[in-house]
Amino acid sequence: MIEVKNISQTYDSRSERDTITDVSLTVRENTITALIGANGAGKSTLLSVMTNLIPAKKGNVTIDGVDVRKIKTSEVAKKVAFLKQTHQLSIKITVRDLVEYGRFPHCGGRLKDTDHAKVNECIDYMNLEELSEKYLDEISGGQRQRAFIAMILAQDTPYIFLDEPLNNLDIKYSVEMMKIVHKLVSELDKTVVIVLHDINFAAAYAGHIVAMKDGKIYKEGTPNEVITTEVLNPVFDHDFHITEHDGKNICLYYD
Amino acid sequence: MVVKSLAKPRNLRAIAVIALLALLIVGATALYIYSRTYANANRLGVTMHPTAFESIMARIRPAMMSMIAASVVLAVVSLSFQTIVRSRVLTPSMIGFDSIFVGTQTVLVFVFGAYSVWFQNPYVNYFVTAGVMITISMFMYSFILRSSKNNVIFLLMFGLILSGIIGSGTRYLQVIMNQSEFFHVQAATMVNVNNINTNIANIAFPIMAVVVVLIVLRHRRLDVMSLGPDQAKSLGIAYERELRLHLILIAVGMSVATALIGSLTFLGLLAVNAAREVMKTHKHLPLFIGSSLMAALTLIAGQAVMELLQGAVPVTVIINLVGCSYIFYLVLKENKT
Ligand SMILES: Nc1ncnc2c1ncn2[C@@H]1O[C@H](COP(=O)(O)OP(=O)(O)OP(=O)(O)O)[C@@H](O)[C@H]1O
Ligand SMILES: [Mg+2]
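Our subject in this report is the structure included herewith. (Residues numbered from 1 in each chain as written. Chains lettered and ligands numbered in written order. Predicted model: local features only at pLDDT ≥ 70, side-chain atom pairs only at ≥ 80, totals over all residues.)

A word on the site of ligand 1. Residues and elements named next belong to chain A. Around ligand 1 sit Tyr11, Thr19, Gly37, Asn39, Gly40, Ala41, Gly42, Lys43, Ser44, Thr45 and Gln85, and that is every residue in its neighbourhood. Per element, the largest residue contribution to the shell around ligand 1 is three residues, and it comes from helix α1 (residues 43-50). Within the shell around ligand 1, the residues separate by chemical class into two nonpolar, eight polar and one charged. (Near = placed C-beta within 6 Å. Helix = DSSP H or I, 4+ residues; strand = E, 2+ residues; numbered from the N terminus. Nonpolar A, V, L, I, M, F, W, Y, C, P; charged D, E, K, R; others polar.)

Structure representation (structure tokens):
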């Protein structure tokens, strides 16, 4: 179980306002938790703190009751995988090379047959067979995004944090991606925290939604509790129109 | 499985390159030995006597070993440095180790005198010199890592300024010290490829071996670190700890190589980039081997040619000339993308 208690974090120690202030959250097991909120609300920052990429200024994060700062980085990597919002690589590697790095926490870079099998499985899962020997800078943005997701899947951790995984994906792959995430939870018992900008994807697939505004949690609850004009209008500073479809709240946001 | 993964085309290429380089080194070594023995004998019109050959070989052997060891250290240290600072244009020697070396020797003589143990005992002298080099370079490297932008310019500028300051300070001390002390300093600081400081070989070789082994053993971790700090941390690398360890090893390696064989500013940079270019891999293990061989080949072949040409052009001049042009090319190329 991952728990966040009274986290505060800032990038600029001189600034008065913290980037995120006093956030507490319990990640529900075997559930898709969607994180929504406007640009700059602090979603990525919260994920970076939860995955121990940047240490929290105040408060603490625990995995199964143990403070992450007390767990070895190599052990954290076996429990938590994190897809960052942006990826820049300065080296020229192929899709397969990248996915193989996902096995590093388990094999320390010495891939055995089981690791190769896992790599192949993840490449197939993301439909990358034909691209697997291509260099990452020679494929499209969406294909690259799928390659990074394949790497995260190869890491095979119980907790998966995805920061805007639908970036660059077309509609077909976005839906496919969400189906994969759903399968990870329902079939493989994983726990997923996912940042989504398309609220309707959150409404359709998430079991729990956390809405963030100005570095704080504004509201959390089931999709139908969060997808309401009372919550979304202030969170996004925009007028929403909510309708219902198959018993689920869906929102329209064009003027 | 092992056989299959070794047989990947990319690995085959790396293996072929390594084999070719090894062959060329054997050739270059033979040429170097020839240039120091039979070539000289021919020029003087005498026949090479076996005992004379043996006595020349006895002098060549430690020099050869020092050249090879220094090449390996410079190559390994430069590759690790490029990975942790994430730039192909930087090399740890840009700080100007040679001026620090000369400066330390001068200060030792000036403060303690030419006959003090600080200056005369090669080991004491080495540890003091290495300590100074390591302190200054650690300070510098951590500075470069903190200021994320434009560190090429930054490092070059710092190296230039530091060399300038230390150089003029050294010259001032050398002017005001007495003449015999000055000659001692001069003799001690004439360390270069043609005048290797074999006095410290007993201590230099083990230190070099430790540095190389510790860095090369981390090749898999370095592979992951080349994905960038965040990605590496997510994959379980204790990034800050690895970083500090590498910086220390780099500083130690640079100081020992400089004290043994003098400064070869661009050898590491050239060797690493040449290895990348021909091996077309991003994996550190083949690159470590390839760039070490490349560095040794450059140095030995360069020395052989220089001997054959009767020292018309010193090898360091050639390396620096090629290195300078190459770094210029790299900076232009990196700025474009
Ligand atoms: N590396 C950084 N250095 C300094 N400030 C940062 C950094 N990263 C984010 N910030 C600031 O922190 C705040 C929160 O950023 P964060 O990336 O967490 O937002 P977000 O909710 O993920 O936004 P988005 O939807 O645009 O991805 C923003 O105001 C941003 O400017
Ligand atoms: Mg973000």
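Having seen it, we continue.
This brings us to helix α6 (residues 141-155) of chain A. The end-to-end C-alpha distance of α6 of chain A, which contains 15 residues, comes to 22 Å, matching closely the 21 Å that a straight helix rising 1.5 Å per residue would cover. Two residues or fewer past α6 of chain A, Asp156 of chain A is found with a positive phi of approximately 50°. (Expected span 1.5 Å × (residues − 1).)

Moving on, we get to the packing of helix α4 (residues 50-85) of chain B against helix α14 (residues 267-279) of chain B. Axis angle and axis distance: for two packed helices, these are the angle between their axes and the distance between the axes, and together they describe the pair. Residue and element names in this part refer to chain B. The interhelical angle for the contact between α4 and α14, taken along N-to-C directions, is 70°, at an axis separation of 8 Å. Regarding the angle of α4 to α14, the classification is roughly perpendicular. Every residue of α14 that contacts α4 at Ser71, Leu74, Ala75, Val77, Ser78, Leu79 and Gln82 is listed here: Leu267, Gly268, Leu269, Ala271 and Val272. For the contact of α4 with α14, the residue count by class is eight nonpolar, four polar and no charged. (Axes fitted to C-alpha atoms, helices over the stretch in contact; angles between N-to-C directions. Parallel < 35°, antiparallel > 145°, perpendicular 65-115°, else oblique. Contact = placed C-beta atoms within 7 Å.)

All names here are of chain A. Residues of helix α10 (residues 229-236) that are buried: Val231, Leu232 and Val235. With its buried residues spanning 85° around the axis, α10 presents them on a single face. Exposed positions of α10 whose direction lies more than 90 degrees from the buried face are Glu230 and Asn233. Taken together, the buried residues of α10 touch β3 (32-37), β9 (208-213), β10 (216-221), α9 (223-226) and β12 (248-252). (Buried ≥ 20, exposed ≤ 12 C-beta atoms within 10 Å, placed from the backbone. Arc of directions from axis to C-beta.)

This paragraph deals with the packing of helix α5 (residues 97-112) of chain B against helix α9 (residues 179-189) of chain B. All names here are of chain B. Between α5 and α9, the least distance of the axes is 10 Å, while the angle of their chain directions is 150°. Considered as vectors, α5 and α9 are oriented roughly antiparallel to each other. The interaxial crossing formed by α5 with α9 has right-handed handedness. Side by side, α5 and α9 meet where Phe101, Val102, Gln105, Thr106 and Val109 of the first sit next to Glu181, His184, Val185, Ala188 and Thr189 of the second. Partitioning the contact of α5 with α9 into residue classes produces five nonpolar, four polar and one charged. (Left-handed = near helix turned anticlockwise from the far one by under 90°.)

Attention shifts here to the sheet that holds β10 of chain A. All names here are of chain A. Reading across the sheet, the six strands line up as β6-β7-β8-β3-β9-β10 and stay open at both edges, with mixed pairing between neighbours. Of all the strands in the sheet, the pair left with one neighbour each is β6 (80-83) and β10. Direction aside, the axes of adjacent strands within the sheet are offset by 15° on average. For β3 and strand β8 (residues 191-195), the ladder comprises four bridges, and the chain directions are parallel. Note on β8: the bridge partner recorded for Ile32 is Val192. Sitting on the sheet, α10 is in contact with β3, β9 and β10, with an inclination near 40° to β9. (Pairing = 2+ DSSP bridges.)

What follows deals with unusual backbone geometry. We note that Asp156 of chain A has phi near 50°; this positive angle belongs to a residue other than glycine. By secondary structure assignment, the location of Asp156 of chain A is in the loop between α6 and β7 (159-163). Exposure remark for Asp156 of chain A: the 19 C-beta atoms within 10 Å place this residue in the partly exposed category. One non-glycine residue, Arg86 of chain B, lies in the positive phi region at around 55°. Residue Arg86 of chain B is classed as partly exposed on the basis of its 16 C-beta neighbours within 10 Å.

Residues and elements named next belong to chain A. By the criterion of burial, β9 is predominantly enclosed, with five of the six residues buried. Pairing analysis gives five bridges linking β3 to β9, with the strands arranged parallel. In the sheet register, Thr33 faces β9, and the bridge partner there is His208. As defined by bridge partners, β9 adjoins β10 across five bridges and the pair is classed as antiparallel. The residue of β10 that forms the bridge with Val210 is Glu220. The turn linking β9 back onto β10 is made up of two residues, and Asp214 within it adopts a positive phi angle of 50°.

So, on to the sheet that holds strand β1 (residues 2-9) of chain A. Consider a sheet: its strands pair through backbone hydrogen bonds, and that pairing is either parallel or antiparallel. All names here are of chain A. The strand order β2-β1-β4-β5 describes an open sheet built from four strands, whose pairing is antiparallel. Unpaired on one side and paired on the other, β2 (20-26) and β5 (66-67) mark the two borders of the sheet. When β1 meets β2, the two strands line up antiparallel, connected through four bridges. If you follow Gln9 over to β2, its bridge partner there is Ile20. Along the sheet, α1 makes contact with β1, β2 and β4 (58-63), crossing β1 at roughly 120°.

Here we come to the nonpolar core. One finds Val99, Ala150, Phe161 and Ile194 of chain A together with Val73 of chain B to be the most contacted residues of the largest nonpolar core, which totals 165 residues. Ranked by residue count, the leading element in this core is α4 of chain B, at 14 residues. Non-local contacts of Val99 of chain A, meaning those with residues more than four positions away in its chain, are made with Val119, Cys122, Ile123, Ala147, Ala150, Met151 and Ala154 of chain A. Membership of the second largest hydrophobic core comes to five residues, among which are Leu108, Val109, Phe119 and Val185 of chain B. (Core = buried A, V, L, I, M, F, W, Y, C linked by C-beta atoms within 7 Å.)

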